[in-house]
Amino acid sequence: MTSYENWMGFGLCIVGFVVLCAMKGNEPWRHSNLLVGIFLVLLASLAFGLFTDMGTLFDLLAQSKKIDQTTHDKAKSIAAVWAFVFPGVIAAIGANLITGWFTSKRSSE
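Here is what the cut-offs are and how they apply
Residues numbered from 1 in each chain as written. Predicted model: local features only at pLDDT ≥ 70, side-chain atom pairs only at ≥ 80, totals over all residues. Heavy atoms only, no water. Axes fitted to C-alpha atoms, helices over the stretch in contact; angles between N-to-C directions. Helix = DSSP H or I, 4+ residues; strand = E, 2+ residues; numbered from the N terminus. Parallel < 35°, antiparallel > 145°, perpendicular 65-115°, else oblique. Left-handed = near helix turned anticlockwise from the far one by under 90°. Nonpolar A, V, L, I, M, F, W, Y, C, P; charged D, E, K, R; others polar. Expected span 1.5 Å × (residues − 1). Buried < 20%, exposed > 50% of the residue type's maximum accessible area, 1.4 Å probe, protein only. Core = buried A, V, L, I, M, F, W, Y, C linked by side-chain atoms within 4.5 Å.

(A) Fine view of the packing of helix H2 (residues 31–63) against helix H3 (residues 69–103). Taken N-terminus to C-terminus, the directions of H2 and H3 make an angle of 170°; their axes are 8 Å apart at the nearest point. As the angle between them shows, H2 and H3 are arranged roughly antiparallel. Along this stretch, H2 crosses H3, giving a crossing that reads as left-handed. Its residues placed into classes, the contact of H2 with H3 shows 28 nonpolar, seven polar and two charged.

(B) Representation of H3. Under the 1.5 Å per step criterion, the end-to-end length of H3 is 51 Å for 35 residues, consistent within 8% with the ideal 51 Å. Along H3, the residues that are buried comprise His72, Ala75, Ala79, Ala83, Phe86, Pro87, Ile90, Gly94, Leu97 and Trp101.

(C) Inspection of the nonpolar core at higher detail. Core analysis: the biggest nonpolar cluster contains 21 residues, and Val36, Leu40, Leu43, Phe51, Phe58, Phe86 and Ile90 have the highest contact counts within it. Those elements that provide at least two residues to this core are helix H1 (3–22), H2 and H3.

Below you can see the structure in the form of structure tokens.
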């Protein structure tokens, strides 16, 4: 696994966290909640694709003898765990924000 793919996955995690922190405390009816929810669902699908493609990358690295079998197995299992944990959590938070926006009553400002 190259450094680029490793940092790309962690970069997605940081982007999701920063976006969530930026909109913390907003009223549920604000349009920013809807947009952040949609963004998080899209980020989760991008992250799932990235971590899934990492498995193919590890297979290619093992075939070309750039990594040994132990490293291949360990890296592939770690990528498989990240492929379900991070996208699942981020998509759930995004779906919760979208649902909160649709079910909230608009303020009378």
